[in-house]
Amino acid sequence: MNIEETNLTQRRISEHLLKGRRFDGRKPLELRKLEITTGVSKNAEGSARVKLGNTEVVAGIKLNVATPYPNEEESGTMMTTVELTPLSSSRYELGPPRFDAIEVARIIDRGLRESGMIDFKKLCITPGEKVWSIFVDIFSINDDGNVMDAAGIAALAALRSAKMPKYDKETGKVLFGEWTEDKLPLNEEITPINLTFHKIGDNFLIDPTAAEEDSAESRISLALSNWEGQVMVNSVQKSNEAELSILKAEEVIDLAEKTFKELSERINTDIRK
Amino acid sequence: MDEEKEKNEGKRQVAIPGEIIKTGKEYLPGDGARRDGENIVACRFGLQDEYGRFLRVIPLSGPYIPRKGNLVIGKVADISFNGWIIDVGSPYTSFLMLNEYPKYIESDDLESYLAIGDLVLCKIHRTKRKGMDLTMKERGLGKIEDGMITTINSNKVPRVIGKEGSMVKLIKDSTQCDITVGQNGVIWIKGSSVEHELYARGAINFVVERSYLSGLTEEVKKYLEQNKIE
Amino acid sequence: MAYTKRPDGRKLDEARNMTAEIGVIPNADGSAKFSFGDTIAIAAVYGPKTMHPQHKQNPQRGVLRCTYDMLSFSVTERKRPGPSRRSQEISKIIEWSLSPVLDLEEFPNTVVDVHIMITQANASTRCAAINAAALALAQAGIPMKDLVTSVSIGKLDKTLVVDVTKEEEDYKEGEGATDIAMTLMSNNDEITSLQLDGKIPPQALKEAIRLGRAATKKIHEVQVGALKAYIEENKK
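Residues numbered from 1 in each chain as written. Chains lettered and ligands numbered in written order. Predicted model: local features only at pLDDT ≥ 70, side-chain atom pairs only at ≥ 80, totals over all residues. Heavy atoms only, no water.

### Brief notes about the sheet that holds strand 7 (residues 54-59) of chain B
Residue and element names in this part refer to chain B.
Item 1. With mixed pairing, four strands are arranged side by side in an open sheet as 1-6-7-3. For this open sheet the edge positions go to strand 1 (14-15) and strand 3 (28-29), each flanked by a neighbour on one side alone.
Item 2. As judged from the six bridges shared by strand 6 (residues 46-51) and strand 7, these two strands associate in the antiparallel manner. The residue of strand 7 that forms the bridge with G46 is P59. (Pairing = 2+ DSSP bridges. Helix = DSSP H or I, 4+ residues; strand = E, 2+ residues; numbered from the N terminus.)

### Considerations on helix 5 (residues 194-209) of chain B
Item 1. With 16 residues, helix 5 of chain B extends 22 Å from end C-alpha to end C-alpha; this agrees with the ideal 22 Å at 1.5 Å per step.
Item 2. Of all 16 residues that make up helix 5 of chain B, 13 are buried, and the element is covered over most of its length. (Expected span 1.5 Å × (residues − 1). Buried < 20%, exposed > 50% of the residue type's maximum accessible area, 1.4 Å probe, protein only.)

### Concerning the sheet that holds strand 4 (residues 33-36) of chain B
Residue and element names in this part refer to chain B.
Item 1. What the three strands build is an open sheet, ordered 2-5-4; its pairing is antiparallel. Every interior strand has two partners, whereas the edge strands, strand 2 (20-23) and strand 4, have only one. Direction aside, the axes of adjacent strands within the sheet are offset by 25 degrees on average.
Item 2. Direction of pairing for strand 4 relative to strand 5 (residues 39-42): antiparallel, over a ladder of four bridges. Bridging across to strand 5, D36 finds its partner in N39. (Axes fitted to C-alpha atoms, helices over the stretch in contact; angles between N-to-C directions.)

### Structural notes on the pairing of strand 10 (residues 203-206) of chain A
All names here are of chain A.
Item 1. Of the strand pairs in this sheet, strand 9 (residues 193-200) and strand 10 are connected by four bridges, and their pairing is antiparallel. Across the sheet, residue I200 finds its bridge partner in strand 10, namely N203.
Item 2. What sits between strand 9 and strand 10 in their antiparallel hairpin is a turn of two residues, with G201 showing a positive phi close to 65 degrees.

### Digging into the interface of chain B and chain A
Item 1. Counting from both sides, the interface comprises 24 residues of chain B and, opposite them, 16 residues of chain A.
Item 2. Contact with chain A buries surface across chain B, with K75(B), V194(B) and E195(B) losing the most and accounting together for 28% of the total.
Item 3. At the junction of chain B with chain A, the criterion picks out four salt bridges.
Item 4. Linking chain B with chain A are six residue pairs in polar contact (both at pLDDT 80 or more), by the criterion used here.
Item 5. Ranked by residues supplied to the side of chain B that touches chain A, first place goes to helix 5 of chain B with five residues.
Item 6. In the side of chain B that touches chain A, the residues fall into 12 nonpolar, five polar and seven charged. (Contact = heavy atoms within 4.5 Å. Buried area = accessible area lost by both parts, 1.4 Å probe. Salt bridge = Lys/Arg side-chain N within 4 Å of Asp/Glu carboxyl O. Polar contact = N/O pair within 3.5 Å; in protein donor to acceptor, adjacent residues only side chain to side chain. Nonpolar A, V, L, I, M, F, W, Y, C, P; charged D, E, K, R; others polar.)

### Side note on the nonpolar core
Item 1. Membership of the largest hydrophobic core comes to 68 residues, with the highest contact counts inside it found for I94(C), L98(C), V114(C), I116(C), L137(C), I153(C) and L227(C).
Item 2. By residue number, the principal contributor to this core is helix 2 (residues 125-139) of chain C, which donates 11 residues.
Item 3. In contact with V114(C), other than residues within four places in its own chain, are A44(C), V45(C), L64(C), R65(C), C66(C), T67(C), A133(C) and L137(C).
Item 4. Within the second largest apolar cluster, 62 residues are counted, among which are Y92(A), I107(A), M164(A) and F260(A). (Core = buried A, V, L, I, M, F, W, Y, C linked by side-chain atoms within 4.5 Å.)

### Some thoughts on the interface of chain C and chain A
Item 1. At the junction of the two partners, chain C supplies 33 residues and chain A supplies 33 residues.
Item 2. Note on chain C versus chain A: buried area summed over both sides is about 2,600 Å², and carbon and sulfur give 58% of it.
Item 3. Applying the counting rule to chain C against chain A returns two salt bridges.
Item 4. Notably, a salt bridge pairs D38(C) with K42(A), separated by 2.8 Å at the nearest N-O pair.
Item 5. Where chain C meets chain A, there are 14 residue pairs in polar contact (both at pLDDT 80 or more).
Item 6. At the level of secondary structure, the elements contributing two or more residues to the side of chain C that touches chain A comprise strand 3 (39-50), strand 4 (63-70) and strand 5 (110-120) of chain C.
Item 7. By residue number, the principal contributor to the side of chain C that touches chain A is strand 3 of chain C, which donates seven residues.
Item 8. Grouping the constituent residues of the side of chain C that touches chain A by class yields 15 nonpolar, 10 polar and eight charged.

### Brief notes about the side chain of T9(A)
Item 1. Relative to the helices and strands, T9(A) resides in helix 1 (residues 7-18).
Item 2. What makes T9(A) buried here is its relative accessible area of 1%.
Item 3. A polar side-chain atom of T9(A) sits 3.4 Å from the main-chain amide nitrogen of I149(B).
Item 4. Leave out the neighbours within four places in its chain, and T9(A) touches F23(A), M148(B) and I149(B).

What follows is the structure in structure tokens.
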């Protein structure tokens, strides 16, 4: 049973941050210990568990065959859902939740989609009739802040490790529970990463603990990836009510680029392990 | 004596709900235990403890059970016409009545003294079946203006305080912080800098994580030495 | 031909390999993970805390409230996220299977919330869920007169087996598959949940219950082992 974070501690968090320091000794742009494990749920086409400090999320990929959208007859489809489960925090029962699950899902979805990592055309089976549908479902298991970015990493790891299920062309049915050795048509060179910057006082930090998240006045999520050797911003979402000055927005864009360059190597290696 | 007790801590058996602690008509069930025929059976998860003829379970987890006279730290959750509703992290709310404030206040003035979100240090004046009444009328009680708060499970409070306050004193002296431990598991730390406060918080968490250990005092001394700040 | 050989080579009265772990969700007041082979359940307990909405409060004792759900990808064919009628029914069964051992007299007007998720499913999910929930409640320090242990007993044609898998659930020969999920108090011969689906002669049902009773002994050992290991871990 916990008393919610208090104004007192929040004040201390801000003060400490002015000196560029955080309670757990991290620098403002430093991630907590990151653990990625794939293949954690056998019935899924692909799955991954990500731990960022004490925050834990699991993501799973399920595939099915469906009819394509009328204006995209030769493309596969993808849907991302996020559930902020009541197991992960007492907050998600009584509210108000710090985040809206739908917002998280849409931000992660845009980041993955706009990066171009998935070749949706290769998911076409019969144009206008049958295409593969990817379902990315993410669940929070323990929320100690930054479920958003952890969810993005979990989705990426799950997609990369996913295997296509067997498909009977004659009957047009998926043979669930039986898999091929084929992976999803992904461009392995592209690594989409979502980074959410939280503003406390005049400082930005990433990967906040729950206490830090509560202390932030505003946040902005940027999804970046690398495209043909260049860093690209694929989606941006500024959330919360507080305003963000143009100067601060420019600062965060620079921080995002810098952080992405440092992290993408590392995350790639961790996922591939 | 403290060392003895600590050694025993390490040797205690685990109490599992439904399992027999000891059999014999001479024994009596204490807290967390009940009699089932000739057996004394655990009805809580924790550590078994024998005290004379009493067999009880030392809880390691579970909600805060308020007792009259307890020092508690809470947050103002709401204001009513005649007092403040304080959240002390217990299953029930607690109430600080207008006339338990250290000075005379008009009832339409409550908010200017204690607003929602403010932290207070109070004592439990009276317990009721579904809640408790608090008082702020003793010396040292009042609104908390500075420092930081950390929460631990209320069952670990005795460990953090130590026998006759020895553990908390050890931490206070090494970290040069004022530490006020609420019986409800909310702890107020005030030091000369955030670094000092974090140092104290680290030591408190160290005690909580190793609360089953024997020889804890020595371990804490080592921790404090290793993590000393200039 | 009688059913004598199980696809995974187990003896008829043998449960799958089980694991149990306490404290897997740091935010919760109590939490645990329990698995029967490939079926994995995690449970988180929050409470006792004041029950909202007020009209659901019980002025004489605390109330237990359970939610059971499956991760969408825990099963072979994706389950749409969110509670289904099946998960709502199972949530109620789980509440009834745990309530008899909980002593919430000291906590009137409160609720103890137990949330359970199946992260990987291969039948017997409600049994794994209940076993995880019992451990999570213990870790949360809720007063309990006993633990409860749950197991599935199957009748495949005429043969009784312990701890049914999905493959066994789908058995079609002879009298087909009958699935019996039961929960018993660990140290008393009291049943706290009993559900059945299939075709079974009354005498065989009695035998199934006795088989279940015997099977829960070993499962209970796994639960106790996890609670003890949790304390031992923290002693280091």
